[in-house]
Amino acid sequence: MVGGVKALYAVLLALVLGVGCGTPSAGFDLADVNQTRINKAIPDAVLRHNDTLFVAYETPCGNIVSRIFAGKQWRPEVHVTAGSPRRNGERWDMPELVSGPDGSVWLAYRSQVRRRIFLHRWLGESWGARIDGRGIFWVKPHPNGAFDEELRPIANIVVEGSRVHRSIEMRLTSSDESPITQTESIPMVDLKALPGEGVIFIDTRDVSKTKGLTWQAEFPRKHSNNPLLSPPDNPAAPDAIRVFNRGTVRQENGRFRMWYSATGTNSPITPGQPARSWQSYMRVCYAESKDGLRWQRPELGLVEFNGSRHNNILSGIQRLPTVIYDERDPDPDRRYKCFGTASPITVEKGHLLTSADGLRWKSQPSPRNYQGTRPYYANEFHHVFRDDRETNAAQRWKAYGLFATGPMRRASQLNTSPDGLHWTGYPDNPIIDPLQGVSHCIHDLLVWPEMGRYVGLQQVGDKLHNYQWDLVVSRDGVHFSRVSDGRPFLRNGKPGQWDHGGLQASVPVKVGSESRFYYGGREKPWSSYPADPKEIWTIKSHCGLATIGTGRYAGFRPSNPKQQGSLITQPIRCDSDSELTLTVNAIADEKNTVSV
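Note that the structure is a prediction, hence the values are computed from the model and not measured.

A.B. asks: Could you clarify how one ought to interpret the sheet that holds strand 28 (residues 349–355) in this entry?
C.D. replies: Sheet strands line up and pair through hydrogen bonds in the backbone, either parallel or antiparallel. Strand order across the open sheet formed by eight strands is 26-27-28-29-33-32-31-30, with mixed pairing between neighbours. Whereas interior strands pair on both sides, the edge strands pair on one side only; in this sheet they are strand 26 (323–325) and strand 30 (380–386). Mean inter-strand twist for the sheet, computed between neighbouring axes without regard to direction, equals 30 degrees. Relative to strand 31 (residues 397–406), strand 30 runs antiparallel, the two sharing six bridges. Across the sheet, Phe385 pairs through a bridge with Lys398, a residue of strand 31.

A.B. asks: Can you walk me through a nonpolar patch on the surface in this structure?
C.D. replies: The grouping of Val584, Val594 and Val596 at the surface amounts to a nonpolar patch, some 230 Å² of accessible area in total. Inspection of the secondary structure puts Val594 in the segment after strand 45 (583–587). On the basis of relative accessible area, Val594 is assigned to the partly exposed category, the value being 32%.

A.B. asks: Quick question: what am I supposed to make of the pairing of strand 14 (residues 154–162) here?
C.D. replies: Walk down a regular strand and you will see the side chains alternate between the two sheet faces. Relative to strand 15 (residues 167–174), strand 14 runs antiparallel, the two sharing eight bridges. Within strand 15, the position partnered with Glu160 by the bridge is Glu169. Where strand 14 hands over to strand 15, the hairpin turn is made up of four residues, of which Arg166 adopts a positive phi near 45 degrees.

A.B. asks: What is the right way to read the pairing of strand 22 (residues 247–252) from this model?
C.D. replies: Two strands pair when backbone bridges link them, and strand 22 and strand 23 (residues 255–262) are joined in this way by six bridges, in the antiparallel orientation. Each residue of the ladder has a partner; that of Thr248, found in strand 23, is Trp259. Following strand 22, the chain reverses through two residues before pairing antiparallel with strand 23; Asn253 in that reversal takes a positive phi of roughly 50 degrees.

A.B. asks: Would you mind showing me how to read the pattern of salt bridges here?
C.D. replies: Any two side chains of opposite charge can pair, so long as their charged atoms come close to each other. Going through the model one piece at a time under the given rule, you end up with 40 salt bridges. The closest approach of N and O atoms between Arg91 and Glu58, which form a salt bridge, is 2.7 Å. Note that Arg91 is positioned in the loop between strand 7 (78–79) and strand 8 (92–99) and Glu58 in strand 4 (residues 52–58), a separation of 33 residues in sequence. We classify Glu58 as partly exposed; its relative accessible area is 22%.

A.B. asks: So what exactly am I meant to see when it comes to the packing of aromatic side chains here?
C.D. replies: Describing an aromatic ring pair means giving the distance of the ring centres and the angle of the ring planes. Evaluation of the coordinates by the stated rule reveals 22 aromatic pairs. Ring geometry for Trp122 against Trp127: centres 4.9 Å apart, planes inclined by 65 degrees, an arrangement best described as edge-to-face. Across this residue pair, the class does not change: Trp122 and Trp127 are buried. Measuring from ring centre to ring centre gives 5.2 Å for Phe381 and Trp423, while their planes differ by 65 degrees; the resulting arrangement is edge-to-face. Placement of Phe381 in strand 30 and of Trp423 in strand 33 (residues 423–425) is noted, with a sequence separation of 42 residues between them. Just as Phe381 is buried, Trp423 falls in that class too. Members of the aromatic cluster, connected to one another through ring pairs, are Trp259, Tyr286, Tyr325 and Tyr336. Over the ring of Trp537 we find Arg242, and its NZ or CZ is 5.6 Å from the ring centre.

About the thresholds
Residues numbered from 1 in each chain as written. Predicted model: local features only at pLDDT ≥ 70, side-chain atom pairs only at ≥ 80, totals over all residues. Heavy atoms only, no water. Pairing = 2+ DSSP bridges. Helix = DSSP H or I, 4+ residues; strand = E, 2+ residues; numbered from the N terminus. Axes fitted to C-alpha atoms, helices over the stretch in contact; angles between N-to-C directions. Patch = residues over 30% accessible without salt bridge, like charges linked within 9 Å, V, L, I, M, F, W, Y side chains within 5 Å. Areas by Shrake-Rupley, 256 points an atom, 1.4 Å probe, with all protein chains shown as cover. Salt bridge = Lys/Arg side-chain N within 4 Å of Asp/Glu carboxyl O. Buried < 20%, exposed > 50% of the residue type's maximum accessible area, 1.4 Å probe, protein only. Phe/Tyr/Trp six-rings, centres within 6.5 Å; stacked < 30°, edge-to-face > 60°. Lys NZ or Arg CZ within 6 Å of the ring centre and 35° of its normal.

What is shown is where atoms sit, not what they do.
Now the structure itself:
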């Protein structure tokens with residue numbers, strides 16, 4: 001794709017694009033290479049790829065730098081990790097270079113603090129977006145149900161390109177007295193021109209080569225009318241304290257529907273209240289809107305609260321209203337499904353709630369089987385969907401959410417199901433652990449399918465559990481990479497703003513050309529953890545909205561606005577003879593054009 005476009009975000013695969021690897025650089029003689037000009041006498045990694053020499057090395061401050069020799073000259077250094085936020089004491093080391101079966105050069109390196117390998121693909125002028133490896137998975141259970149750190153320290157890595165399996169193979173060896181060896185694979189991209197598929201630059205594995213372009217992540221804008229739904233000025237209301245302490249928003253038949261977790265002034269700290277679990281003081285309420293901006297609380301009359309049925313409380317759902325509409329269910333009374341909690345619930349005993357209208361719910365047992373790592377607490381499903389891309393019928397349904405691995409340790413999980421009723425935990429849960437990103441504390445995980453990817457929001461926070469949200473992406477639904485590690489996709493407001501405290505989020509609602517992220521925000525952050533009960537039950541929370549252009553999570557911009565840039569995709573295969581079209585997602589005008 002060529003042009004002076006302002007920003008390029010995605011290509012919908014309805015056409016085969018002419019692509020190639022470009023013309024290789026002029027030949028060279030290795031005797032011409034002056035190693036002293038790369039600021040290090042002996043590079044950590046050297047690779048000859050066609051007629052180009054790649055070198056990579058670790059700097060004294062623990063960054064990874066690369067340089068290439070082509071056309072009998074050295075090109076400028078590329079600082080691969082210089083802009084990446086670090087954990088305390090973190091450095092990147094042990095760089096490895098390998099020619100991949102996709103015709104590209106791959107760079108891998110280690111973080112000894114996060115205990116995993118990170119990778120990048122060469123795009124012709126720069127390295128593509130970072131890909132997160134998983135490290136050496138290892139579990140040591142304890143009698144109390146908790147288990148030790150899931151990742152072992154990495155002592156050695158061997159990276160190879162496998163043409164047989166069309167993948168990058170990483171053999172990792174731990175530093176234990178009895179070393180553990182584990183192989184991680186990254187399959188090559190296989191692009192097909194099929195409905196719903198696309199080249200979306202939330203990662204850059206679909207890109208073969210760029211020139212004069214810079215990749216960058218994008219972030220949503222908070223709506224000017226926020227908050228959109230607040231606790232009413234009525235202490236007797238069921239949501240007088242918290243609104244959207246998790247929730248779901250859907251657009252159906254010209255209206256928007258919201259199911260949200262709420263709390264009122266009655267709580268465990270209220271004098272005269274009976275001694276019972278904190279969960280029992282939570283409830284799920286319902287709201288509607290014509291435009292998704294102005295919300296109304298209908299009087300449902302389903303539940304008596306404070307001596308009245310004039311409220312919007314739903315019966316049967318205690319909290320965590322993960323609601324979907326299953327149009328394929330032959331029984332219309334079961335098409336609305338809720339995977340929120342109902343009492344009682346244990347690690348293996350969950351519930352599925354079904355409804356004909358999304359208001360009146362029936363519950364049935366929904367067992368959860370853990371063949372691998374078992375969660376410490378009863379786990380939570382924060383989003384569930386039927387995965388039409390999944391070829392294994394036993395894993396057709398996917399559920400993502402919280403996976404506690406100990407009394408104070410939180411991580412994220414994947415569960416799969418053939419029918420949305422009987423669930424099996426992924427054997428190597430958690431799929432995202434507290435070591436992966438910059439933030440030490442993680443909690444909820446929301447994942448949804450979008451243009452052939454698994455896109456998600458990962459809740460990240462401080463030691464006091466004041467949370468924001470990172471954007472993550474995966475090709476297989478298991479191995480997730482952060483799109484912008486250290487820069488939250490959905491962040492807290494400033495002191496004094498309605499969402500200055502911890503945030504709750506939901507999967508996006510597609511409205512026209514934008515994606516709407518409805519989210520809840522506390523007015524103030526917690527000052528301790530475990531938090532003071534007075535803070536938990538008295539700090540108010542509201543519901544607001546942040547929006548971003550659909551598919552515009554990340555994109556390419558010209559490195560120099562006055563010059564053109566070009567992008568070549570990986571090969572795209574078409575198996576259809578029918579007439580096809582190409583859809584381009586970009587910011588362009590008469591002076592900043594796109595040509596294909």
